[in-house]
Amino acid sequence: MEAAVTSHKSVEPAVPARAALPEQRAEAAGRSAAAGTPGAAARGASRGLWISSTYFAEGLPYAIAHKVAGEFFTAAGASLEIIGLVSLYGLPWNLKFLWSPLVDLHGSSRRWLVGAEIALAVILLGLAAAADSGALGLVAALFGLVAVAAATHDIAVDGFYLQALDKDAQAAFSGLRVGAYRLALLAGALLVAFAGWASFGASFAVAAIGLALLAGAHGVGLPRPAAAARPEAAVAPGAAAGLRRYAEPFRAFLRQPGIASSLAFILCYRAGDALMFAMSSPLLKSLGLDTAARGNVGGIGTVASIAGSTLGGVLIKRWGLARTIFPIALAQSLAILLYVALSWSRPALPWIVALVTLEQLVAGVGTAVLVVFLMRRCVDGYKSSHFAIGSALMSVSATFAGSVSGYLAARVGFTAFFAIAFAASIPGVVLSRWVPRD
């Protein structure tokens, strides 16, 4: 989850005016849509459909590897320390930048996207078979495979989005993509509620069927955008060409102006939220909510986060990133104090729902800001790699903070723990005043 402005130009081949490139035709279509020409509404609806479906398919495995995994081990009676270690499933998201150049350099983001969805469906079927067997070691390993396949899928989906849409459309649809992603998180909460009613094995089977259907739909229905031209350095001849092609996306990312403050901001922006999220389920369990009830409360909160992400997209489109990044970062930080109040006062269920819902609403707005900030850090020709690098760095704080959260909460108690989470969010607020804003 964002002053000098620098544009990054790709090397584009010259073409006659009569032979427009596919991406030029796409931009013309986007301009026509904005102008209200016939067929614009249909094109917008088509884009909205594939954006929604691909980001739903991106969010569902993430929800399974994080939220559902945590609920699974919570229901199994694991200790706070073990539940906190579930955050280590975030490591593939931290490290995905290492293999993100493969998506840019081999095959297409579209092909990687569909292939990863098929792999996820197969792994989830295995998880469905193992979940109710009591083989917790096997279940833990399968969650790890879900995480690796899901992180690879993220690279492909984000790269496809950045390749298929121009800059204006990327910003305009940012609320929709975040909303669809959070709708998948809602589906994850519903899977938890369903597990409380039926079983976790049944929940994983439902998720596997859903991803298999999405893979089939995407294989048939996704558009086929032309690949962006890469800078000359990425394709230079010679014995070291392969290594140079691999390294160039990282060099291009690090050459951007203001990169030091950008990296620090990405690392710190969600640190407080990561701590809070890791211990949210154990807190709700301590307040007397069973698995089904936690799933229902989480579902309501996720609906609020979808509304928040949509609101965030509207705010950014209206006032721009430069004017919204600091106040939204501040609001996201202050919302953590709601969990301090929740753990200290231990209120009745209606107040629990209200506080969780409000925090998730603000978190959704905060996520929209970070998504737009990350997109602005992507250089033409390396968009899959660069978004993967940015989002991987974003998830580092979630993995580290989450992995130590159980030990910290067990030592200091929930109220002090969430106060520490609030303190961890302050550096991100401060850095939001110093980062590049366009």
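That block above? That's the structure.
Residues numbered from 1 in each chain as written. Predicted model: local features only at pLDDT ≥ 70, side-chain atom pairs only at ≥ 80, totals over all residues. Heavy atoms only, no water.

A. Focus on the overall build of the chain. Looking only at helices and strands, the chain features 19 helices and zero strands. The 438 residues of the chain split such that 51% are buried. Of the roughly 18100 Å² that the chain leaves accessible, carbon and sulfur atoms contribute 69%. (Helix = DSSP H or I, 4+ residues; strand = E, 2+ residues; numbered from the N terminus. Buried < 20%, exposed > 50% of the residue type's maximum accessible area, 1.4 Å probe, protein only. Areas by Shrake-Rupley, 256 points an atom, 1.4 Å probe, with all protein chains shown as cover.)

B. Just the pattern of salt bridges, in detail. Enumeration over the complete set of coordinates arrives at seven salt bridges. As a salt-bridge pair, R251 and E248 come within 3.5 Å of each other at their nearest N and O atoms. With R251 and E248 both in helix α11 (residues 241-254), this residue pair falls three residues apart, about one helical turn. Two residues, D273 and R270, come together in a salt bridge whose shortest N-O distance is 3.1 Å. Judged by its relative accessible area of 15%, R270 is buried. Each of K67, E71 and R294 takes part in salt bridges that share partners, so that together they form one network. (Salt bridge = Lys/Arg side-chain N within 4 Å of Asp/Glu carboxyl O.)

C. Main features of the packing of helix α9 (residues 174-197) against helix α15 (residues 291-335). In contact at an axis separation of 8 Å, α9 and α15 are set at 175 degrees when each is read in the N-to-C sense. By the angle class used here, α9 and α15 are roughly antiparallel. Of the residues belonging to the contact of α9 with α15, the class tally is 10 nonpolar, 14 polar and one charged. (Axes fitted to C-alpha atoms, helices over the stretch in contact; angles between N-to-C directions. Parallel < 35°, antiparallel > 145°, perpendicular 65-115°, else oblique. Nonpolar A, V, L, I, M, F, W, Y, C, P; charged D, E, K, R; others polar.)

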